Amino acid sequence: MRRFHTQPECITASTITFTGPEAKHICQVLRLKLGELIEVFDGSGTIYLTQLTSMDKNKVEAQILNHLDAPRPTHPLYVAQSLLKGKKMDFLYQKLTELSVEGLYPFVSQFSEEKPRQAKQNERWQRISLEACKQSKRPTTMECFPVSSFNDLLESCSIYKTKIVFWENEDENFLSSFPEIFRSGSPTIIMLGPEGGFSSSEVDAARAKGFTSLSLGPRILRAETAAVAATSIIQFMMGNLSSRAVIDWERSS
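Not measured: the values here are computed from a predicted model.

(A) Structural context of the overall build of the chain. Assigned secondary structure in the chain consists of 7 helices and 12 strands. With the C-alpha coordinates aligned to their principal axes, the bounding extent of the chain is approximately 60 × 40 × 30 Å. Every one of the 253 residues in the chain was classed for burial, and the buried ones make up 46%. At a minimum sequence separation of 6, the contacts of the chain that also span at least 24 residues come to 75%.

Next comes the structure, spelled out in structure tokens:
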């Protein structure tokens, strides 16, 4: 069954309305027919079973037949990633959305080679994340925070109890040795550097703000590989990659 996204304000008690690109996608790209069933999610965790009742290229309406509220993760994970070159950030927004990261903080650090382009860049990342939600059938959208400086990021992270900075020069503390650190149940944030890594002064500043420095292991990973590897391992350790419930609309009716 096809899945589409709409804003909460486009949902009434009985009807969901699509306009703009989503309406065009339904009518002109996919050429769906009146009476077809589709799933719709609003990004906040509610999924709707609907039936198409009215269609043209500018406006599509669907009748709500049923809805379910998906559970939120009990151990939410946030990722802070220093800006990477080219389309590597696009790749991360897609993959971290698929891996159920709650929010992604992009920031500029000492060795960042990419320069922020602010509004248009953030809009692009939000679109990539939304498409990844549709593809992966994730019921909630990943929060895409604006690009910040390294110092501003550290201040933003004060709200998190568990804070990890991954550093390739860390030779005492390894991720595999600290499984218990990710079992507190509180929101966790991990911070990863750019292609050139973090400077020792940046790691010291992070530690002063409550971060624990860890190594991913003996290999020097590409920045984008490190982010996906760390996220996957930690999500598994926190139980956020357990089997999802398959939506059975007939059984839920």
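This is not the end of the story, as more comes after the structure.
(B) Highlighting the pattern of salt bridges. Under the definition given, this model contains 11 salt bridges. In this structure, Lys59 and Glu61 form a salt bridge, with 3.5 Å as the shortest nitrogen-oxygen distance. Overall, the relative accessible area of 40% leaves Lys59 in the partly exposed class. Its relative accessible area of 25% is what places Glu61 among the partly exposed residues. Salt bridges linked by common partners bring Glu22, Glu131 and Lys134 together as one network.

(C) Highlighting the environment of Met142. Topologically, Met142 is positioned in the loop between helix H3 (119–136) and strand S8 (143–144). Separated by 64 residues in the primary sequence, Met142 and Tyr78 place their C-alpha atoms 9.4 Å from one another. When near neighbours in sequence (up to four residues on either side) are disregarded, Met142 contacts Tyr93, Leu96, Thr97, Val101, Glu102, Gly103, Leu104 and Ser129.

(D) Fine view of the sheet that holds strand S3 (residues 37–41). Here we have 5 strands laid out as an open sheet, ordered S1-S3-S4-S5-S2, and mixed in their pairing. Each edge of the sheet is formed by a strand with only one pairing partner; in this case those strands are strand S1 (3–5) and strand S2 (15–19). The sheet shows a mean angle of 40° between the axes of neighbouring strands, direction not considered. Relative to strand S5 (residues 59–69), strand S4 (residues 46–56) runs antiparallel, the two sharing 10 bridges. When the sheet's bridge partners are listed, Met55 is paired in S5 with Val60.

(E) Region of interest: the packing of aromatic side chains. Summed over all chains, the structure comprises 8 aromatic pairs. Pairing Tyr78 with Tyr160 gives two aromatic rings, centres 5.1 Å apart and planes at 50°, and the pair type is tilted. Separated by 82 residues along the polypeptide, Tyr78 in strand S6 (residues 77–82) and Tyr160 in the loop between helix H4 (150–156) and strand S10 (162–166) bring together distant segments of the chain. Residue class for Tyr160 comes out buried when judged on its relative accessible area of 5%. Their ring planes at 15° and their centres at 4.7 Å tell us that Tyr93 and Trp125 sit as a pair that is stacked. Taken together, the positions of Tyr93 in helix H2 (residues 88–98) and Trp125 in helix H3 put the pair 32 residues apart, joining distant regions of the chain. Classification of Trp125 as buried rests on a relative accessible area of 3%.

Criteria and thresholds
Residues numbered from 1 in each chain as written. Predicted model: local features only at pLDDT ≥ 70, side-chain atom pairs only at ≥ 80, totals over all residues. Heavy atoms only, no water. Helix = DSSP H or I, 4+ residues; strand = E, 2+ residues; numbered from the N terminus. Buried < 20%, exposed > 50% of the residue type's maximum accessible area, 1.4 Å probe, protein only. Contact = heavy atoms within 4.5 Å. Salt bridge = Lys/Arg side-chain N within 4 Å of Asp/Glu carboxyl O. Pairing = 2+ DSSP bridges. Axes fitted to C-alpha atoms, helices over the stretch in contact; angles between N-to-C directions. Phe/Tyr/Trp six-rings, centres within 6.5 Å; stacked < 30°, edge-to-face > 60°.

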